[in-house]
Amino acid sequence: MDAIITTLIVIGIIALAIFILVTIIKHKLNSVTRKYLNMGLGETADLISKGLKEETTTPKAISNLAAVYKPKLLRDFPETNYEQFEEMAKSSFKSILDSIEAEDTSLLIKASDSLTQNVKHIINDNKGKGLRECFDDLKIHRMSVSDYKNTSDAAQVAFEISFQCLHYFIGKKETDKALKQLAGRITLVCGTELNDDNNSSVFTDNCPNCGAPIRSAKGETFCPYCGTGVTQVIDKIWLANSFEFI
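Residues numbered from 1 in each chain as written. Predicted model: local features only at pLDDT ≥ 70, side-chain atom pairs only at ≥ 80, totals over all residues. Heavy atoms only, no water.

Buried within helix α3 (residues 66–76) are the following residues: Ala66, Tyr69, Leu73 and Asp76. Mapping the buried residues of α3 onto a view down its axis gives an arc of 120°, with all of them on the same face. In α3, the exposed residues that point more than 90 degrees away from the buried face are Ala67 and Arg75. Turning to α3, the residues buried within the fold contact α4 (82–102), β1 (131–150) and β2 (155–171). (Buried < 20%, exposed > 50% of the residue type's maximum accessible area, 1.4 Å probe, protein only. Helix = DSSP H or I, 4+ residues; strand = E, 2+ residues; numbered from the N terminus. Arc of directions from axis to C-beta. Contact = heavy atoms within 4.5 Å.)

This is how it looks when you write it as structure tokens:
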């Protein structure tokens, strides 16, 4: 009986010591948060919790420079409309994520050699780690043009995309499915495709009347030699050339 009482007393003392220690730590933390954050420990914890929740539910901010670049883009390529450019970017973007998840670059839609090699690098890097990257339940919040350039050799337009998905890895270090708010930038190029040496070669259309070459990158709709009207098929000369998470 004495042994049991002694044991209970020891347990009680240990429990009391732990309680006192926790109280002291909470008091110290509370003092620190009030000193530097002007709020108590409970308020700080609530703020952190709210921040973590917003991190998974609030869409990422993206650049919206449509007011600057959209008129220039449509002026140079009047054969199409802005929504078609967005659809090209969106389709290419989805195909990139599908290719990474399926580990198959044949799923890429109108991709340049440069982009294909980049996606292959991502796939091989994941394979080297024994992982497969997944993007489930993809939902695009919004997208907008963020840059546009048109030179004598090529035209390129960049779109930023805000999206959410269940992003996780399957493999040796399998991770839990977690809803994440992400953003990416995809660049479409018209008039060039990148070779292995990163030099560019110009795509040309030919005039149906005189056969003269017409530089597609300039968005010309009339033959500069004979004046014949030319209709370009925009979606055949635009390629997805790069992609990155931002």
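Further remarks concern the packing of aromatic side chains. Scanning the model with the defined rule gives nine aromatic pairs in all. Seen in terms of ring centroids, Phe135 and Phe245 are 6.3 Å apart; in terms of plane orientation they differ by 20°. Their pairing is stacked. Within this pair, whereas Phe135 is found in strand β1, its partner Phe245 is found in strand β8 (residues 238–245), the two being separated by 110 residues in sequence. Since its relative accessible area comes to 7%, Phe135 is described here as buried. Pairing Phe163 with Phe245 gives two aromatic rings, centres 6.4 Å apart and planes at 40°, and the pair type is tilted. Placement of the pair is Phe163 in strand β2 and Phe245 in strand β8, with a sequence separation of 82 residues. Within the aromatic cluster, the residues linked to one another by ring pairs are Phe93, Phe135, Phe163, Phe243 and Phe245. (Phe/Tyr/Trp six-rings, centres within 6.5 Å; stacked < 30°, edge-to-face > 60°.)

A separate point is the pattern of salt bridges. Taken as a whole and judged by the stated rule, the model has four salt bridges. The partner of Glu160 in a salt bridge is Arg185, and the shortest N-O contact between them spans 3.0 Å. With a gap of 25 residues between them, Glu160 in strand β2 and Arg185 in strand β3 (residues 178–190) connect regions that are remote in the sequence. Beyond isolated ion pairs, a larger network of salt bridges with shared partners links Glu160, Arg185 and Glu244. (Salt bridge = Lys/Arg side-chain N within 4 Å of Asp/Glu carboxyl O.)

Turning to unusual backbone geometry, a few remarks are in order. Leave glycine aside and you will find that most residues have negative phi; peptide bonds, for their part, are mostly trans. One non-glycine residue, Lys110, lies in the positive phi region at around 45°. In this structure, Lys110 sits in the loop between α4 and α5 (113–128). A positive phi angle, close to 50°, is found at Asp137, a residue other than glycine. Structurally, the position occupied by Asp137 is in strand β1.

Another aspect to go through is the confidence of the model for the protein. Reading predicted coordinates in detail is not appropriate for stretches of low pLDDT. Summarising the model, the protein shows a mean pLDDT of 79, and 72% of its residues fall at 70 or more. Predicted confidence for residues 192–204 stays below pLDDT 50, and this span has 28 contacts to residues more than four positions away or in other chains. (pLDDT = per-residue confidence, 0-100.)

This brings us to the pairing of β2. With 12 of 17 residues buried, β2 is to be regarded as a mostly interior element. By the bridge criterion, 16 bridges tie β1 to β2 in an arrangement that is antiparallel. For Arg132, the partnering residue across the bridge sits in β2 and is Ile170. Hairpin connection between β1 and β2: a loop of four residues separates the two successive antiparallel strands. Note: β2 against β3, 13 bridges, orientation antiparallel. Within β3, the residue paired with Ala158 across the bridge is Thr187. (Pairing = 2+ DSSP bridges.)

A pair of packed helices can be characterised by two numbers: the angle between their axes and the separation between those axes. Interaxial distance between α4 and α5 falls to 9 Å at its minimum, and their mutual angle equals 35°. Where α4 crosses over α5, the handedness of that crossing is right-handed. Taking contact as the criterion, the partners of Ile96, Ser99 and Ile100 in α4 are, on α5, Leu115, Val119, Ile122, Ile123 and Asn126. Here the residues of the contact of α4 with α5 sort into six nonpolar, two polar and no charged. (Axes fitted to C-alpha atoms, helices over the stretch in contact; angles between N-to-C directions. Left-handed = near helix turned anticlockwise from the far one by under 90°. Nonpolar A, V, L, I, M, F, W, Y, C, P; charged D, E, K, R; others polar.)

Quick look at the nonpolar core now. Among soluble globular proteins, nonpolar side chains are generally buried collectively. Counting 34 residues, the largest nonpolar core has Phe77, Ile96, Val157, Phe159, Ile186, Leu188 and Trp238 as the members making the most contacts within it. Among the elements that make up this core, the one with the highest residue count is α4 (eight residues). (Core = buried A, V, L, I, M, F, W, Y, C linked by side-chain atoms within 4.5 Å.)

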